[in-house]
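Structure at a glance
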Amino acid sequence: LHKTSVACEKMLISALLRAKELANQGVELFASPALRFFLYNKVDREEFYNNPVCLDNFIQLDDNDIWTSLKVWCHYPDIVLSTLSNGLVNRQLFKVEVQSSPLSSSRKEEILKNISERLNITKREANYFFSTSVIENNMYRKEDDSIEIIYNDGTTKNIAEASDMLNISLLSRKVKKYYVCFLRFNILNAK
């Protein structure tokens, strides 16, 4: 888990979802033609695969379309969209906390309340600045991560067989971590 990439991904998804919500309300937003197509049209999985116009627009869409839009949206009057865009453009990303247990509902409510009050937005809108998820990983899987030890005589043995000190069952168990991403309040002070 790389905290920077997680924060960036969550902020970008939130910014695009907010832009889509505003577009659905008929709000005029800056966007390249390809991005505009996806913001202002309902494109579900079936539509995407069956309508060649969707694929044509998708092929034309790249990171420059997104980045340019974010730069323009930094100055948009919607506080949610402009704050998310400013955070991405100025690399003031969400705070990411990784923990071994799920986030309590009281902590979630506290975070959402703080965001809501600081930005003077509704709790529903504050959810654009908040995300939780779970990651699971096996440190070692014999099938995928076979580590072989080569002896002086050229023979090889799996590390689990070669070492009497190594307990592969400890390495093979699933590790589950919970993370929460949310707006850093120092982002608000930088505006």
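These remarks concern the structure in this document. (Residues numbered from 1 in each chain as written. Predicted model: local features only at pLDDT ≥ 70, side-chain atom pairs only at ≥ 80, totals over all residues. Heavy atoms only, no water.)

**Overview of helix H1 (residues 3-24)**
- Given a rise of 1.5 Å per residue, 22 residues ought to cover 32 Å, and the 31 Å separating the end C-alpha atoms of H1 matches this to within 8%.
- Of the residues one or two after H1, glycine 26 is the one with positive phi, at around 85°. (Helix = DSSP H or I, 4+ residues; strand = E, 2+ residues; numbered from the N terminus. Expected span 1.5 Å × (residues − 1).)

**A word on the layout of surface pockets**
- One number sums up the size of the largest pocket: a volume of about 220 Å³.
- As for the largest pocket, its lining consists of Ile13, Leu16, Leu17, Lys20, Leu35, Phe38, Leu39, Phe58, Leu61 and Ile66.
- Counting only elements with at least two residues in the lining of the largest pocket, the list comes to H1 and helix H2 (33-40).
- The biggest single contributor to the lining of the largest pocket is H1, with four residues.
- Here the lining of the largest pocket is composed, by residue class, of nine nonpolar, no polar and one charged. (1 Å grid on protein atoms, 1.4 Å probe; cavity = no way out; pocket = protein on both sides within 12 Å on 5 of 7 lines; lining within 4 Å. Points joined across faces, edges and corners; volume = space filled by probe spheres on them. Nonpolar A, V, L, I, M, F, W, Y, C, P; charged D, E, K, R; others polar.)

**Brief notes about a nonpolar patch on the surface**
- Together, Leu55, Phe58 and Ile59 line one region of the surface with nonpolar side chains, adding up to about 310 Å² of accessible area.
- Residue position: isoleucine 59 is located in helix H4 (residues 52-60). (Patch = residues over 30% accessible without salt bridge, like charges linked within 9 Å, V, L, I, M, F, W, Y side chains within 5 Å. Areas by Shrake-Rupley, 256 points an atom, 1.4 Å probe, with all protein chains shown as cover. Salt bridge = Lys/Arg side-chain N within 4 Å of Asp/Glu carboxyl O.)

**Digging into unusual backbone geometry**
- Of note, the phi angle at arginine 91 is positive, near 55°, even though the residue is not glycine.
- With respect to the helices and strands, the residue arginine 91 is situated in the loop between helix H6 (79-89) and strand E1 (95-99).
- Look at arginine 91 and you get exposed, because its relative accessible area is 62%. (Buried < 20%, exposed > 50% of the residue type's maximum accessible area, 1.4 Å probe, protein only.)

**Examining the nonpolar core**
- The biggest cluster of nonpolar side chains holds 37 residues, and the ones touching the most others in it are Trp73, Ile115 and Phe129.
- When residues of this core are traced back to their parent elements, those giving at least two are H1, H2, helix H5 (63-73), H6, helix H7 (105-119) and strand E5 (174-182).
- Residue contributions to this core peak at seven residues, all from H1.
- Leaving out residues up to four positions away in the same chain, tryptophan 73 has contacts with Ala15, Leu16, Ala19, Leu29, Phe30, Leu35, Leu39, Leu81, Ser82 and Ser85. (Core = buried A, V, L, I, M, F, W, Y, C linked by side-chain atoms within 4.5 Å. Contact = heavy atoms within 4.5 Å.)

**Examining the side chain of serine 131**
- Following the sequence through the fold, serine 131 ends up in strand E2 (residues 130-138).
- Contacts of serine 131, omitting those with residues within four sequence positions, involve Lys10, Tyr179, Val180 and Cys181.

**Structural notes on the packing of aromatic side chains**
- Inspection of every chain in the model, using the stated rule, returns three aromatic pairs.
- Each ring, one from phenylalanine 48 and one from tyrosine 49, has its centre 5.5 Å from the other, and the planes form 85°; the classification is edge-to-face.
- Since its relative accessible area comes to 59%, tyrosine 49 is described here as exposed.
- Judged by centre distance (5.4 Å) and plane angle (90°), the rings of phenylalanine 48 and phenylalanine 58 are edge-to-face. Pair noted here: phenylalanine 48 is in helix H3 (residues 45-50) and phenylalanine 58 is in helix H4, with a separation of ten residues, a long-range link. (Phe/Tyr/Trp six-rings, centres within 6.5 Å; stacked < 30°, edge-to-face > 60°.)

**Observations regarding the environment of valine 53**
- Mapped onto the elements of the fold, valine 53 is located in helix H4.
- The class of valine 53 is partly exposed, set by a relative accessible area of 41%.
- In this structure, the C-alpha to C-alpha distance between valine 53 and phenylalanine 37, residues 16 residues apart in sequence, is 9.3 Å.

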